[in-house]
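Notes for the structure review
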Amino acid sequence: MGNENCFHCGLETKDKQYLVEDKLFCCNGCKTVYEILNQNELNCYYDFERAPGVIPKEFKNKYNYLDSPEIVEKILDFYDGHSCVVEFYIPSIHCSSCIWVLENLDRFNPGIKNSLVNFPQKTLRITYKQADVNLRELVEFIASIGYEPQISLEDSVGTKKLVSNALIYKVSIAAFVFGNVMLLSFPEYFEIQEFWLEQYKNVFRWMNFVMVLPVVFYSATDYYISAYKGLKNRILNIDVPITLGVIALYLRSVYEIVFDVGAGYFDSLAGLIFFLLLGKIFQQKTYNYLSFERDFKSYFPIAVTAIDKDGKEISKQVQHLKLGDRILIRNEELVPVDGIMIKGDATLDYSFVTGESYPIKKESGEKIFAGAKQIDGLFEMEVIHEVSQSYLTQLWSSDIFQKDTHKSIKSHVDKVSKYFTIVVLTIAFSSGIYWYFADASKAVYVFTAVLIITCPCALALTTPFALGNVLRIFGNNKFYLKNAQVIEALTKIDTIIFDKTGTITTNQQKEINTNFIQLNEFEQQAVKTLLRSSNHPLSRIIYDTISTPISEDKIKDYKEVLGFGIEGKINDFDLKIGSAKFLGLDLDEINETRVYIAINKEVKGYYSMKNTYRVGIEQIFSDLYPKYELIILSGDNEGEKERLLQMLPPKTQLEFDKKPIDKLNFVKELQDKGRAVLMIGDGLNDAGALAQSNVGIAVSEDVNVFTPASDGIIDAKIINKIPELLNISHKTLTIIKTSFVFSLLYNVIGLYFAVTGQLTPLIAAILMPLSSISIVIYVTVLTNYINKSSN
C-alpha cells in the first residue's frame, strides 16, 4: 500500500495502516471513531496511543499548556485524586447528532466515565479518570472529532453570545443575495417585452446563478451538516427535508438556466434560506428572552450555618455566601461551595459528583469541592468560591440520581417526532410525483413547500418550554425542583405522605421542658458540643436551648443513627443522646416527644417537647382532601395522635414509631398496590423514603437539608401553598395538551395548502419559524397566567 490519506483525519497513513470497508485509517483511534459513529459498535474504545497521526496536525502542540498543573487546577471543576470533572464551552454543538456523539464519549475510552451536554448553553460536562487520560489528551481528542472546546481562563464565568457571528454573516449574505436576485428577476415577474430586457435576460439569469452560489454553499451549510450527521447516525432530523428542498430547488434552477428552458427559482431559493436563517435568529432571541434557566433567577431555598467574626453561629442562605465566609458543615450535610478546610473532622463522600462512594479524609488547609457530603462529625471551612447554582443543578440532575418513571409526555413527543420526518418525506415525494404529471411547473414548488411547512419543532418545543417556565415560576416561589419531569410526575400523584417533625411542625416555636434533666456546666458544654454535629430538628432545638458555650475539645468516635440518636466522646464524657430505645431504656408507653441524655452510661434525664404546628396546616389538608389519600408518617410516639385527629380530615391515616427504613418500606408497599406517592419530609432523616417515593420533597427551615435523594426542596414558609402548586402542575399539563392540538392543526392546514399547490416555498419558510415562536409564546403566557390566578 502507498501513503494514502486517512479517511477520518485526513493525514497520511504512512507505515501504520488500518483497513475497514476499503477505507484507510492512520491509527486504531481513527478507525474506532469511524466504527462507533457509523456502525454503533459499542465494544470499541478509542486508543490514546502517542503515535504520530492520532491527533490531526492542526491540534498538535496547540494544547500543550494544559500540561501545566496550575492551569489545569483553574480549569477543573472537581478533582479528588482519582476522578476529575471539567466543563467546556463548545460553539459547534447545534443538533441532536452532536448531542449523541458527545454524550457517548465513554464508548471511545474507558477513562471517560460520563459526559453530559447542556444544549441551550452549548456546554459539555465530562467526568474522567485522571489515571487513564489527562486533560490535554481529552481536549485533543474532543477537538479531533470536530468539537473543539473554547477554553478561556478569563471569561470562565462570563456569558456566551446569544447569536453567533457566523449566523449573522450567513443571514446577511442571504439577505443581500435575496434582494438583488429579486431585483434582477423583475422582468420575469411582469413578463415585460421590452427589447433591451429581452436581449439581456440570459445575462440576468446567469448573474442570478452566480449570486446565489454563496447562499447555497455557505449560508445553508448548517442545514447540510446537520442533515449529514443525522443520517450518518441513522437519525432523520428536521434538517433532512429542508436540505432536500434546498437541493431540489437549486438543481431544478440550474437545469432551467443551463438548458435555457426558464428563469429557475433562484429568487425563491435565496428567500427560502434567508427566512429560515432569519427565523433561526428570531427563535434564538425569543427563547433567550423567555429563558427558563434558573441559575440566576432562583436559588435552592436552603441555608447553611455561618460563623461570624465574633464566633457566633448564624443561619445564612447559600446564595448570600461570600469569599472568606466561614461555614459549619454537620454530619450528613452537603458542601454547597468550594472552600478550604479550617478545623474539625472532614470525612467526605463525593458520590454526588463522581457516582462512586468512598470516604476521603481531609486535613486542615486542604481544598474541599462543592458537592461533597460530610459523613463523620462536623468541620469548619472557609469559602473560596461563591455558590454556583448551575453546578449544583447539574449534579442534582445527574443520571446517577434519576428515578425510573413511566413514559412521560416528552417521550411520546420524541416518538412522534422520530416518525414525523418519514411521513413528511413520503407526502412530499408523493405530492411531487403527482404534480409532475398534473402540472410539471408546480412539482418542485409543491415538493419544497411540503418539506418546509411541516415542522415538528413546535410540537417538540411545547413540553420543554411549558414545563421549563413553570420550573422558573416555582423557583421564584421558593419551590425548587430537580428537573421538568418532576412537574409531570406531580400530576400523577394520588397519595401524599407528610413527615411530622420539621415538616408539619415548626422548629422555631417548639415548646421545650427542661425540668426533667439536671446537668452541670461541664456536662451541658459536652452535650451542646455533641449536638452541634447533628442536623436533626430535635438536636437543633436542644442545641439552641443550652446557653453554655461549646467545648473546643475534639469529638471522638462520633456516630449518628438516623431516627434514633447520636453518640460520641468528649474528654472524659461518654455521651448518648436520643430516644429511649437508643439508650436501651424499657419504658411504658410515652405520649410525648422526649430526647434522653446519658453520660458515662448514666441516664441524666430527658428534654420533653410539645409540637407547634405550622400556621395553616389544617387548611392544607382540607384543600388536599378528598382528592388525595393523606398519611402522616412519623418516627415519634403517639403522644400527638389525639391532637392530630382533631386537626386533620377524618380519613387521614396516622402512622407512628416508624424508623427511616420503616418509612421506606411503607412507601414501597403503597407503590406495590399501584399508588403514586408524594413524600414530603426532612431531607436528611427521610432520605430513604424520599428516594423511594414517586416524588420526594424536602422541607427547608434554616437548615441544610439538600440531598440528591429528593426531587425538590420547598421553603417551610410556603408549605401552605402545596395545594396551589399541585394545581398549577395539573393546569400546565392541560396547556401542553392544547398546544399539541394547535401544533398538529398548523401542520395539517399547512400541508393542505402545500399539497394543493397554493403555498410557495418562500411563504412556507416564513411560516415555519413563526409557528414555533407562536407556540412558545402561547405556553409561556398561559403558564404565567395560571401562576398569577393561583396566587
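In this text, all values refer to a predicted model and were calculated from it rather than measured experimentally.

Of regular secondary structure, the chain possesses 27 helices and 28 strands. Looking at the 791 residues of the chain, the share that counts as buried comes to 54%. Within the chain, contacts between residues at least 6 apart in sequence are counted, and of these 66% link residues at least 24 apart. Within the structure as shown, the chain displays about 36,100 Å² of accessible surface, and the carbon and sulfur contribution to it stands at 55%.

Take Leu451: it is sitting in helix H16 (residues 440–453). A relative accessible area of 0% means that Leu451 is categorised as buried. On a C-alpha basis, the gap between Leu451 and Val246 in space is 9.6 Å, while along the polypeptide they are 205 residues apart. Discounting chain neighbours no more than four positions away, the residues touching Leu451 are Pro241, Leu244, Gly245, Val424, Leu425 and Ala428.

Read across the open sheet, the 7 strands follow the order S16-S28-S27-S26-S17-S24-S25; overall the sheet is mixed. A strand with exactly one partner marks an edge of an open sheet, and here the two such strands are strand S16 (479–481) and strand S25 (653–655). Neighbour-to-neighbour, the strand axes of this sheet turn through a mean angle of 20°, independent of strand direction. Pairing of S16 with strand S28 (residues 712–715) involves 3 bridges; the strand directions are antiparallel. Opposite Phe479, over in S28, you have Ile714 as the bridge partner. On top of the sheet, helix H22 (residues 617–624) reaches strand S17 (495–499) and strand S24 (629–633); it is set at about 165° to S17, its chief contact. Sheet strands in contact with helix H24 (residues 660–672) are S17, S24, S25 and strand S26 (677–681), and its direction is about 170° off that of S17.

So, on to the nonpolar core. Phe479, Leu481, Ile496, Phe498 and Leu678 are the most contacted members of the largest nonpolar core, which totals 51 residues. With 8 residues, helix H26 (residues 722–755) is the single largest residue contributor to this core. With residues near it in sequence (within four places) discarded, Ile496 still touches Leu624, Tyr628, Glu629, Leu630, Ile631, Leu678, Ile680 and Leu726. Leu184, Leu272, Leu276 and Ile452 belong to the second-largest nonpolar core, a separate cluster that totals 34 residues.

The relative placement of two packed helices comes down to the angle between their axes together with the axis-to-axis distance. Look at helix H8 (residues 201–211) against helix H11 (residues 239–258): their axes get within 10 Å of each other, and the N-to-C directions meet at 150°. It follows from the interaxial angle that H8 and H11 lie roughly antiparallel. Considering the relative orientation of H8 and H11, their crossing is left-handed. Facing Arg205, Trp206 and Phe209 of H8, the residues of H11 in contact are Tyr250, Val254, Ile257 and Val258.

Turning our attention to the pairing of strand S9 (residues 326–329). Of the strand pairs in this sheet, strand S7 (residues 303–307) and S9 are connected by 3 bridges, and their pairing is antiparallel. Opposite Thr305, over in S9, you have Leu328 as the bridge partner. In the sheet, S9 pairs with strand S15 (residues 379–383) via 4 bridges, with the strands oriented antiparallel. In the strand pairing of S15, Leu328 is matched with Glu380.

We now examine the confidence of the model for the chain. Mean pLDDT over the chain stands at 78; residues scoring 70 or higher make up 75%. This stretch, residues 154–162, has a pLDDT under 50; its non-local contacts, to residues over four places away or in other chains, come to 4 contacts. Segment residues 290–299 is flagged for pLDDT under 50; beyond a separation of four residues in sequence, or across chains, it makes 31 contacts in the model.

On to a nonpolar patch on the surface, then. On the surface, Val741, Phe742, Leu745, Ile749, Tyr752 and Phe753 cluster together to form a nonpolar patch covering roughly 580 Å² of accessible area. Note that Phe742 resides in helix H26.

For the structure on display, the rule yields 6 cavities of 30 Å³ or more. Volume-wise, the second largest cavity comes out at about 80 Å³. The wall of the second largest cavity is formed by Phe479, Leu490, Leu678, Ile680, Ile697, Ile714, Ile722, Leu725 and Leu726. Every element with two or more residues in the lining of the second largest cavity is listed here: S26 and H26.

Counting buried positions along strand S22 (residues 593–599) gives 6 out of 7 residues, so the element sits mostly inside the fold. In this sheet, strand S23 (residues 602–613) lies alongside S22 in antiparallel orientation, the contact comprising 7 bridges. From the neighbouring strand, Tyr596 faces S23, where its bridge partner is Tyr606.

To continue, consider H24. In a regular helix each residue adds 1.5 Å, so 13 residues correspond to 18 Å; H24 covers 19 Å between its end C-alpha atoms and thus fits that length. Turning to H24, its buried residues number three or more, namely Lys663, Phe666, Val667, Leu670 and Gln671. The arc that holds every buried residue of H24, seen down its axis, measures 135°, which confines them to one face.

The rules behind each value
Residues numbered from 1 in each chain as written. Predicted model: local features only at pLDDT ≥ 70, side-chain atom pairs only at ≥ 80, totals over all residues. Heavy atoms only, no water. Helix = DSSP H or I, 4+ residues; strand = E, 2+ residues; numbered from the N terminus. Buried < 20%, exposed > 50% of the residue type's maximum accessible area, 1.4 Å probe, protein only. Contact = heavy atoms within 4.5 Å. Areas by Shrake-Rupley, 256 points an atom, 1.4 Å probe, with all protein chains shown as cover. Pairing = 2+ DSSP bridges. Axes fitted to C-alpha atoms, helices over the stretch in contact; angles between N-to-C directions. Core = buried A, V, L, I, M, F, W, Y, C linked by side-chain atoms within 4.5 Å. Parallel < 35°, antiparallel > 145°, perpendicular 65-115°, else oblique. Left-handed = near helix turned anticlockwise from the far one by under 90°. pLDDT = per-residue confidence, 0-100. Patch = residues over 30% accessible without salt bridge, like charges linked within 9 Å, V, L, I, M, F, W, Y side chains within 5 Å. Salt bridge = Lys/Arg side-chain N within 4 Å of Asp/Glu carboxyl O. 1 Å grid on protein atoms, 1.4 Å probe; cavity = no way out; pocket = protein on both sides within 12 Å on 5 of 7 lines; lining within 4 Å. Points joined across faces, edges and corners; volume = space filled by probe spheres on them. Expected span 1.5 Å × (residues − 1). Arc of directions from axis to C-beta.

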